[in-house]
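A structural walkthrough
Single-letter residue listing:
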Amino acid sequence: MASARSLENLQKGLAMELTASHQYQLHASVLNDWGLDLLALQMKDEMREELGHSDRFLERIMFLKGDPKMEFDQPPQRAKSLKELFETDLADEQQAVKFYTKAAHQASEDSDIGTKRLFEDIAIDEEEHIGWLELQLDLLERIGEPAYIAKHMSSPHDGGEN
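Residues numbered from 1 in each chain as written. Predicted model: local features only at pLDDT ≥ 70, side-chain atom pairs only at ≥ 80, totals over all residues. Heavy atoms only, no water.

**Notes on the overall build of the protein**
Scanning the protein from N- to C-terminus turns up five helices and zero strands. N-terminal to C-terminal, the α/β element order of the protein is α-α-α-α-α. Its C-alpha atoms give the protein principal-axis dimensions of roughly 60 × 25 × 25 Å. Burial analysis of the protein (162 residues in total) assigns 41% to the buried set. Long-range pairs, those at least 24 residues apart, make up 81% of the contacts in the protein between residues at least 6 apart in sequence. Element-wise, carbon and sulfur atoms account for 53% of the exposed surface of the protein, whose accessible area totals about 8,900 Å². Of the charged side chains in the protein, 17 are positive and 33 negative, and the gap between their average positions amounts to 4 Å. (Helix = DSSP H or I, 4+ residues; strand = E, 2+ residues; numbered from the N terminus. Buried < 20%, exposed > 50% of the residue type's maximum accessible area, 1.4 Å probe, protein only. Contact = heavy atoms within 4.5 Å. Areas by Shrake-Rupley, 256 points an atom, 1.4 Å probe, with all protein chains shown as cover. Lys, Arg positive; Asp, Glu negative; His and termini not counted. Charge placed at Lys NZ, Arg CZ, Asp CG, Glu CD.)

And the structure:
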């Protein structure tokens, strides 16, 4: 039913999404440690979305009678600055869109419409992440890091909500 190429690409996608979810989890902890609790909440949302993507890849591999491997594509890395955090995530998301687009084309060539659709759907989600990350980098540059930080941390008397 499934081509070996589709299963290989799905496994790669699973590994990429497991890495991404854990990368965002690490970022959330780092941001909390830096006092940027509101931005940390955003990273936790990103973590959950990436974990959902990994679930979708896992389910597709199982549906195609594959043998999923729960492995990282690469180990998560701790960022030393906000700019580095956003630039690293942006590069990872851009790489993901490029890979998922190629994998969708390959699935189409193999007449695997379900896998094609899955890769397309997730690529579109990742494009939204790219837009958000580009905006954060633009804001950092335009308003400066101190103003950006002030916007993404709660004050002691507002209960953690902006």
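**Thoughts on the pattern of salt bridges**
For the coordinates displayed, the defined rule picks out ten salt bridges. Put simply, R5 and E109 hold a salt bridge, and the shortest N to O gap is 3.0 Å. You can see R5 sitting in helix α1 (residues 4–33) and its partner E109 sitting in helix α3 (residues 82–109), a full 104 residues away along the chain. Here R142 ties to D138 by a salt bridge, and the two come within 2.8 Å at their closest N and O atoms. (Salt bridge = Lys/Arg side-chain N within 4 Å of Asp/Glu carboxyl O.)

**A few points about the packing of α1 against α3**
In contact at an axis separation of 11 Å, α1 and α3 are set at 165° when each is read in the N-to-C sense. Classified by the interaxial angle, the pair formed by α1 and α3 is roughly antiparallel. As for the relative orientation of α1 and α3, their crossing is left-handed in sense. Residue-level contacts link R5, S6, N9, K12, G13, M16, E17, Q23, Y24, H27 and L31 of α1 to L82, L85, D89, E93, Q95, A96, F99, Y100, A103, Q106, A107 and E109 of α3. Taken together, the residues of the contact of α1 with α3 break down into ten nonpolar, seven polar and six charged. (Axes fitted to C-alpha atoms, helices over the stretch in contact; angles between N-to-C directions. Parallel < 35°, antiparallel > 145°, perpendicular 65-115°, else oblique. Left-handed = near helix turned anticlockwise from the far one by under 90°. Nonpolar A, V, L, I, M, F, W, Y, C, P; charged D, E, K, R; others polar.)

**Quick word on the packing of α1 against helix α2 (residues 37–63)**
At their nearest, the axes of α1 and α2 sit 8 Å apart, and the two run at 165° to each other. It follows from the interaxial angle that α1 and α2 lie roughly antiparallel. Viewed along their axes, α1 and α2 form a crossing whose handedness is left-handed. Looking at the contact of α1 with α2, its residues break down into 16 nonpolar, eight polar and six charged.

**Regarding unusual backbone geometry**
Positive phi outside glycine occurs at K65, with the angle close to 65°. In this structure, K65 sits in the loop between α2 and α3. Owing to a relative accessible area of 72%, K65 belongs among the exposed residues under this scheme. For S111, which is not a glycine, the phi torsion comes out positive at approximately 60°. Relative accessible area serves as the criterion here: at 67%, S111 is assigned to the exposed category.

**Quick notes on the nonpolar core**
If you look at the biggest cluster of nonpolar residues, it comprises 19 residues, and the most contacted ones within it are L31, L39, M43, L82, L85, F86 and Y148. Of all the secondary structure elements, the ones that give two or more residues to this core are α1, α2, α3 and α4 (113–143). Excluding its chain neighbours within four sequence positions, the residues that come into contact with F86 are L39, M43, W132, L133, Q136, L137, L140 and Y148. Core analysis: the next-biggest nonpolar cluster, separate from the first, contains 16 residues, A96, A103, F119 and A123 among them. (Core = buried A, V, L, I, M, F, W, Y, C linked by side-chain atoms within 4.5 Å.)

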